[in-house]
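One-letter residues, chain by chain:
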Amino acid sequence: LETACLQIAAWAGRKEGEHLSIAVNISAREFRQPKFVDYVLAALERTGANPNNLKLELSESMFGENVEDVIARMNKLKSHGVRFSLEDFGTGYSSMTYLKRLPLDQIKIDRTFVSDILNDPISGAVAQAIISFGKAMGLSVIAEGVETEEQRAFLAKLGCHSFQGYLFSHPLPLGEFFES
C-alpha cells in the first residue's frame, strides 16, 4: 500500500501518469485490522498520493462476517476519495442485498470465466450477467485474465471495455511501464 501510494504521488507529476490509478489487493485479514482505515489515510497523507487514484481490491469472501463493519470502513475511506473494486465477482457467496449497499466503483469478471468464454456458453452467460449487473448498478466492469484478442473481442461485444491480462502486457519492472 505504501509503495502504491508513493508511485501514485510520483506519477502525479507526469502528464502521462497523472490519470493512472493503482489497485492494491487487500485481504480480509488486513481489512479487519482495527487501525486499517487510519493506516490507509496515513499512507495517503505521508506520500501525498491522490486518493482518487488508489483503488482497493476486495474479494467477496470479505463480506462473510460483520458486513456492517466492512460497509462502514469502506464508506469512511470512500469519503476521502479512495475507490473500491470487487474482484473475483461471481465466484463468492455474497448476498445481492449486501452488494447493493457497498460503495463500490468497479467489479471484476474473474479469470475463470474469461479463460473459458470462447468454448463454454455458461461462462459467456455469466460474463454477460456480470456486465449487465455492473451497468445496472452504475459500476465499471473489468475482465481479468484476458490473454487473446478473441477473448477481448468477445467481451467487448458483450459490453465490457476494460481489460487486464497478458494480451496487453506481462508484469513489468516499473521503469519499463511507460516504455512498453
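Below is a short write-up of the structure. Predicted model, so just to flag it, every value in this text is computed and none were measured.

What counts and what doesn't
Residues numbered from 1 in each chain as written. Predicted model: local features only at pLDDT ≥ 70, side-chain atom pairs only at ≥ 80, totals over all residues. Heavy atoms only, no water. Buried < 20%, exposed > 50% of the residue type's maximum accessible area, 1.4 Å probe, protein only. Helix = DSSP H or I, 4+ residues; strand = E, 2+ residues; numbered from the N terminus. Pairing = 2+ DSSP bridges. Right-handed = clockwise from strand over helix to strand, strands pointing away. Phe/Tyr/Trp six-rings, centres within 6.5 Å; stacked < 30°, edge-to-face > 60°. Expected span 1.5 Å × (residues − 1). Arc of directions from axis to C-beta. Contact = heavy atoms within 4.5 Å.

Side note on the pairing of strand E5 (residues 140–144)
By the criterion of burial, E5 is predominantly enclosed, with 4 of the 5 residues buried. Two strands pair when backbone bridges link them, and strand E4 (residues 106–109) and E5 are joined in this way by 4 bridges, in the parallel orientation. The residue bridging isoleucine 109 from the neighbouring strand is alanine 143, located in E5. The pairing of E5 with strand E6 (residues 162–164) spans 3 bridges and is parallel. Bridge pairing in E6 links isoleucine 142 to serine 162. The parallel pair E5 and E6, bridged by helix H8 (residues 149–158), forms a crossover whose chirality is right-handed.

Side note on the packing of aromatic side chains
Two aromatic rings are characterised by how far apart their centres lie and by the angle between their planes. Counted by the stated rule, this structure contains 3 aromatic pairs. Geometrically, the ring pair formed by tryptophan 11 and phenylalanine 177 is stacked, given 5.2 Å between the ring centres and 25° between the ring planes. Of this pair, tryptophan 11 sits in helix H1 (residues 2–11) while phenylalanine 177 sits in the segment after E6, placing them 166 residues apart in sequence. Judged by centre distance (5.2 Å) and plane angle (50°), the ring pair of phenylalanine 31 and phenylalanine 36 falls under tilted. A residue is classified by how much of its surface remains accessible, and phenylalanine 31, at 0% relative accessible area, is buried.

A few points about the environment of phenylalanine 63
Of note, phenylalanine 63 is situated in the loop between strand E2 (54–59) and helix H4 (67–78). On the accessibility criterion, phenylalanine 63 (5% relative accessible area) is buried. In this structure, the C-alpha to C-alpha distance between phenylalanine 63 and proline 173, residues 110 residues apart in sequence, is 33 Å.

Looking at helix H3 (residues 36–47)
For H3, with 12 residues, the first-to-last C-alpha span of 17 Å sits near the 16 Å given by 1.5 Å per residue. Within the span of H3, buried status applies to Phe36, Val37, Val40, Leu41, Ala43, Leu44 and Thr47. Along the axis of H3, the buried positions cluster into a sector of 155°, meaning they face one direction only. Exposed residues lying more than 90 degrees from the buried face of H3 are Glu45 and Arg46. Against the buried residues of H3 lie H1, helix H2 (28–31), E2 and H4. One or two residues past the end of H3 sits glycine 48, with phi positive at roughly 75°.

This is a description of form; function is not addressed.
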